[in-house]
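Spelled out from the first residue to the last, the chains are:
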Amino acid sequence: AQSVSQHNHHVILSEAASLELGCNYSYGGTVNLFWYVQYPGQHLQLLLKYFSGDPLVKGIKGFEAEFIKSKFSFNLRKPSVQWSDTAEYFCAVKSAGNNRKLIWGLGTSLAVNP
Amino acid sequence: DAGVIQSPRHEVTEMGQEVTLRCKPISGHNSLFWYRQTMMRGLELLIYFNNNVPIDDSGMPEDRFSAKMPNASFSTLKIQPSEPRDSAVYFCASSRQGGGEKLFFGSGTQLSVL
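The model shown is predicted, which means the values in this text are computed figures rather than measured ones.

1. Quick word on the overall build of chain B
Part 1 of the argument: Looking only at helices and strands, chain B has zero helices and eleven strands in total.
Part 2 of the argument: The helix and strand sequence of chain B, counted from the amino end, reads β-β-β-β-β-β-β-β-β-β-β.
Part 3 of the argument: By the compact-globule yardstick of 13 Å for 114 residues, chain B fits well, its C-alpha radius of gyration being 13 Å.
Part 4 of the argument: Expressed along its principal axes, the backbone C-alpha trace of chain B runs to roughly 40 × 25 × 25 Å.
Part 5 of the argument: The 114 residues of chain B split such that 47% are buried.
Part 6 of the argument: In the form shown here, chain B has an accessible surface area of approximately 5,500 Å², with 50% of it arising from carbon and sulfur atoms.

2. Observations concerning the overall build of chain A
Part 1 of the argument: Within chain A, the secondary structure is distributed over zero helices and twelve strands.
Part 2 of the argument: Along chain A, from the amino end to the carboxyl end, the secondary structure elements read β-β-β-β-β-β-β-β-β-β-β-β.
Part 3 of the argument: Relative to the compact-globule value of 13 Å for 114 residues, chain A shows a C-alpha radius of gyration of 14 Å, a close match.
Part 4 of the argument: Its C-alpha atoms give chain A principal-axis dimensions of about 40 × 25 × 20 Å.
Part 5 of the argument: Burial statistics for chain A: of 114 residues in total, 45% are counted as buried.
Part 6 of the argument: Taking the contacts inside chain A whose residues are at least 6 apart along the sequence as the reference set, 55% of them involve residues at least 24 apart.
Part 7 of the argument: Looking at chain A as shown, the accessible area adds up to about 5,400 Å², and 53% of this sits on carbon and sulfur atoms.
Part 8 of the argument: Positive and negative side-chain charges in chain A, numbering 10 and 7 respectively, have mean positions lying 11 Å apart.

3. Here we look at the pairing of strand β11 (residues 109-113) of chain B
Residue and element names in this part refer to chain B.
Part 1 of the argument: Alternating residues of β11 divide into Thr109, Leu111 and Val113, all buried, and Gln110 and Ser112, none buried.
Part 2 of the argument: In this structure, strand β2 (residues 10-13) lies alongside β11, joined through four bridges in parallel fashion. Each residue of the ladder has a partner; that of Glu11, found in β11, is Leu111.
Part 3 of the argument: Pairing between strand β9 (residues 88-95) and β11: three bridges, direction antiparallel. Paired with Val89 across the two strands is Gln110, which belongs to β11.

4. Here we look at the interface of chain A and chain B
Part 1 of the argument: Between chain A and chain B, the residue contacts involve 18 residues of the former and 25 residues of the latter.
Part 2 of the argument: Across the chain A to chain B interface the summed buried area is about 1,800 Å²; carbon plus sulfur atoms make up 54%.
Part 3 of the argument: Connecting chain A to chain B are zero salt bridges.
Part 4 of the argument: At the boundary of chain A with chain B, the tally comes to four residue pairs in polar contact (both at pLDDT 80 or more).
Part 5 of the argument: At three residues, strand β5 (residues 31-38) of chain A tops the list of elements feeding residues into the side of chain A that touches chain B.
Part 6 of the argument: Among the residues making up the side of chain A that touches chain B, the classes are represented as nine nonpolar, five polar and four charged.

5. Some details on the state of the cysteines
Part 1 of the argument: On inspection of all chains with the given rule, the structure shows two disulfides over all chains.
Part 2 of the argument: Residue Cys23(A) pairs covalently with Cys91(A) via a disulfide, S to S 1.9 Å. Residues Cys23(A) and Cys91(A) are joined through a disulfide that is left-handed, its torsion about the S-S bond being -65°. With Cys23(A) in the loop between β3 (19-21) and β4 (24-26) and Cys91(A) in strand β10 (residues 87-95), this pair connects stretches of sequence that are 68 residues apart. The pair formed by Cys23(A) and Cys91(A) is uniform in burial state, with each residue classed as buried.
Part 3 of the argument: Paired by a disulfide, Cys23(B) and Cys92(B) hold their sulfur atoms 1.9 Å apart. Here Cys23(B) and Cys92(B) share a disulfide; its torsion about the S-S bond, -65°, makes the bridge left-handed. With Cys23(B) in strand β3 (residues 19-24) and Cys92(B) in strand β9, this pair connects stretches of sequence that are 69 residues apart. The pair formed by Cys23(B) and Cys92(B) is uniform in burial state, with each residue classed as buried.

The rules we used
- Residues numbered from 1 in each chain as written.
- Chains lettered and ligands numbered in written order.
- Predicted model: local features only at pLDDT ≥ 70, side-chain atom pairs only at ≥ 80, totals over all residues.
- Heavy atoms only, no water.
- Helix = DSSP H or I, 4+ residues; strand = E, 2+ residues; numbered from the N terminus.
- Rg over C-alpha atoms; globule rule 2.2 N^0.38 Å.
- Buried < 20%, exposed > 50% of the residue type's maximum accessible area, 1.4 Å probe, protein only.
- Areas by Shrake-Rupley, 256 points an atom, 1.4 Å probe, with all protein chains shown as cover.
- Contact = heavy atoms within 4.5 Å.
- Lys, Arg positive; Asp, Glu negative; His and termini not counted.
- Charge placed at Lys NZ, Arg CZ, Asp CG, Glu CD.
- Pairing = 2+ DSSP bridges.
- Buried area = accessible area lost by both parts, 1.4 Å probe.
- Salt bridge = Lys/Arg side-chain N within 4 Å of Asp/Glu carboxyl O.
- Polar contact = N/O pair within 3.5 Å; in protein donor to acceptor, adjacent residues only side chain to side chain.
- Nonpolar A, V, L, I, M, F, W, Y, C, P; charged D, E, K, R; others polar.
- Disulfide = S-S within 2.5 Å.

Now the structure itself:
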């Protein structure tokens with residue numbers, strides 16, 4: 001069965017620090033990969049996604065993620081975080097094709113201290 | 001566009017009572033998803049509809065849970081009878097086929113079953 005693992009449950013950083021949140025999945029076929037973000041008091045929204053092509057994808061607010069197929073990973077990065085990046089980050093995977101079912105990681109809570 | 005609209009925002013009820021959660025997807029979206037979010041299990045897909053038809057309800061925990069989508073602009077998730085372990089945040093999300101799989105989430109319903 002497909003599963004998604006996010007290694008860090010809680011991350012605390014100071015402003016301007018670099019961020020990398022790990023995401024690994026288990027599925028042998030072609031996948032579509034997503035990162036969603038949930039800011040405090042708000043609903044989930046898409047940060048970035050990978051379907052095909054360049055494995056380094058750029059998202060909103062300076063975030064990027066790299067798909068490494070050999071490692072089954074899709075880590076999220078940002079070179080310099082801001083206080084406003086404080087949020088919960090979710091990695092999600094679905095098998096490519098018509099199946100619409102996303103498999104979600106448990107999320108990583110990021111707190112950025114000003 | 002008002003986005004995905006869920007009601008109520010908060011629901012507190014006693015064990016054994018019936019609970020009905022409501023969702024209005026974004027106009028023009030033809031897929032609708034019901035999710036449950038808890039600290040222990042993260043985001044779980046309960047059921048999703050394509051063009052008002054339930055496609056995958058394998059995530060529905062048990063027969064106490066049921067979901068309907070009588071038309072393209074309305075869906076309900078019902079729990080009868082409710083139990084304390086059903087306490088969670090329930091999210092509804094919608095997407096448009098061919099829209100790059102981007103999910104638009106509602107603000108969620110915080111359910112507490114006492």
